[in-house]
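Residues per chain, in single letters:
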Amino acid sequence: MLPRVKPLPIAAVLLAACLLGTGARAQPGASAEADALGQWLQERRLTPAPRPDAAKPMRSAAAELVVAAMNFLELPYQRGGGGVDGFDCSGFTRHLFQLHLGLMLPRRSDEQARTNALQSVQREQLEPGDLVFFNTLKRSFSHVGVYIGEGRFIHSPRSGSKVRIESMRQAYWAQRFDGARRAEVLSAPRPAEAGRPPRGSSKVAEPHLLESQPAQ
């Protein structure tokens, strides 16, 4: 049985409505309000900007991942947890990536940061759905969360707390930021780009599963 969670923030509700409406081509009578909502979401980088070569709007895997993460708001922290009864930080990200991206991440946060299944991302290039890492235990990559846009991330912080959203601009997190990683599927070209030479290497890194260990 899935856990009971509080209602999603209004931004998540609007985003979910936008995603559900992107499966079909927009009708000529679409309202100005819908256009304004789409623009609002695009400005906050929660949905991809429209492309002139796209045949129709595309569902955003990153946006769906963010909405899924928000469904776990207020879920209690559980050390070593990786299921809907509770998560630790890396169990939370592992669960989301496995269910919504089909990508099995290693169990520990430091192993997730070092797996070749993810690409390194600069802070100024962060996009919703990226993993963000922090040094919270005096060692690199000891904590991880999911970036959701506008300098914020969602994570399962520590024992006695619950899944929540925080700002990376807060001094505590800003001083401990260690880096970010992106799943290749989130940066894959759209179907409209099929047949075009891929940017950079065309080789897709194979995810690897390391021995499960409790996250710190």
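What you are looking at is a predicted structure, and each value in this text was computed from that prediction instead of being measured.

Rules and cut-offs
Throughout this document, residue positions are counted from 1 along each chain, in the order its sequence is written. For a predicted model such as this one, the threshold for reporting local features is a pLDDT of at least 70, and the threshold for listing and counting side-chain atom pairs is 80 or more; totals across whole chains, interfaces and linings nevertheless cover every residue. Only heavy atoms go into the side-chain values, all of them from the structure, while hydrogens and water stay out. Helix and strand definitions here come from DSSP, where helices need a minimum of 4 consecutive H or I residues and strands a minimum of 2 consecutive E residues; each element is numbered from the N-terminal end. With residues, only the protein chains shown are counted as cover, and all accessible areas are computed by Shrake-Rupley using a 1.4 Å probe. Only when DSSP finds a minimum of two bridges between them are two strands counted as paired. Lines fitted to C-alpha atoms define the axes here, with helix axes fitted over just the stretch in contact, and angles between the N-to-C directions of these axes take values from 0 to 180 degrees. Any pair of residues with heavy atoms lying within 4.5 Å of one another is described as a contacting pair. Two N or O atoms count as a polar contact when they lie within 3.5 Å, although within protein this holds only if one can serve as hydrogen donor and the other as acceptor, and sequence-adjacent residues are included solely when both atoms are side-chain atoms. In summary, the pairing rule links any two rings of Phe, Tyr or Trp, Trp by its six-membered ring, whose centres are within 6.5 Å, and it sorts them by plane angle into stacked for under 30 degrees, edge-to-face for over 60 and tilted for everything else. Burial here depends on accessible area, computed with a 1.4 Å probe over protein chains only, as a share of the maximum for the residue type. Under 20% is buried, over 50% is exposed, and the range in between is partly exposed. Whenever a carboxyl oxygen of Asp or Glu lies within 4 Å of a side-chain nitrogen of Lys or Arg, that contact is scored as a salt bridge.

Draft legend 1. Structural context of the overall build of the protein chain. In terms of regular secondary structure, the protein chain is built from 6 helices and 8 strands. Walking the protein chain from its N terminus toward its C terminus, one meets helices and strands in the order α-α-α-β-β-α-α-β-β-β-β-β-α-β. Roughly 12000 Å² of accessible area belongs to the protein chain as shown, and the carbon and sulfur atoms make up 52% of that amount.

Draft legend 2. Summary view of the sheet that holds strand β7 (residues 164-167). Reading across from one edge, β3-β8-β4-β5-β6-β7 is the order of the 6 strands in this open sheet, with antiparallel pairing throughout. Across the chains shown, the open sheet's two edge strands, defined by having one partner strand only, are β3 (118-121) and β7. Within this sheet the neighbouring strands show an average axis-to-axis angle of 40°, counted without direction. With 4 bridges connecting them, strand β6 (residues 152-155) and β7 associate as antiparallel partners. By the bridge assignment, H155 is partnered in β7 with R164. Along the sheet face, helix α3 (residues 61-70) touches β5 (143-149), β6 and β7 and points at about 120° away from the line of β5. Packing of helix α4 (residues 89-101) onto the sheet brings it into contact with β3, β4 (131-134), β5, β6 and β8 (177-183), and relative to β5 it is tilted by some 50°.

Draft legend 3. Up close: the pairing of β6. In terms of strand pairing, β5 meets β6 through 3 bridges, oriented antiparallel. Pairing of Y147 across the sheet is with F153, part of β6. The turn joining β5 and β6, which pair antiparallel and follow one another in sequence, is formed by 2 residues; a positive phi near 55° is taken by E150.

Draft legend 4. Here's a closer look at the environment of R164. The topology assignment puts R164 in strand β7. The sequence separation of R164 and G145 amounts to 19 residues, and the corresponding C-alpha distance is 10.0 Å. The residues contacting R164, other than those within four sequence positions of it, are L73, F153, I154, H155, P157 and R158. Among the polar contacts made by the side chain of R164, one reaches the side chain of E166 at a distance of 3.0 Å.

Draft legend 5. Expanded view of the side chain of D130. In this fold, D130 is placed in the loop between β3 and β4. With residues up to four places along the chain from it excluded, the contact list for D130 reads V121, Q125, G145, V146, Y147, R181 and R182.

Draft legend 6. Geometry of the packing of aromatic side chains. As enumerated under the stated definition, the model contains 9 aromatic pairs in all. Their ring planes at 65° and their centres at 4.9 Å tell us that F134 and W173 sit as a pair that is edge-to-face. Of the two residues, F134 is situated in strand β4 and W173 in helix α6 (residues 171-176); the sequence distance between them amounts to 39 residues. Both residues of the pair, F134 and W173, count as buried.

Draft legend 7. Structural view of the pattern of salt bridges. Scanning the entire structure with this criterion turns up 6 salt bridges. The partner of D88 in a salt bridge is R107, with the nearest N and O atoms 3.1 Å apart. Of this pair, D88 sits in the loop between β2 (86-87) and α4 while R107 sits in the loop between α4 and α5 (109-114); the two residues are 19 residues apart in sequence, bridging distant segments of the chain. In this structure, D88 and R107 share a single accessibility class: buried. The partner of E150 in a salt bridge is R152, and the shortest N-O contact between them spans 3.5 Å. The class for R152 is partly exposed, based on a relative accessible area of 28%. Through salt bridges with shared partners, one network takes in R108, D110 and R114.

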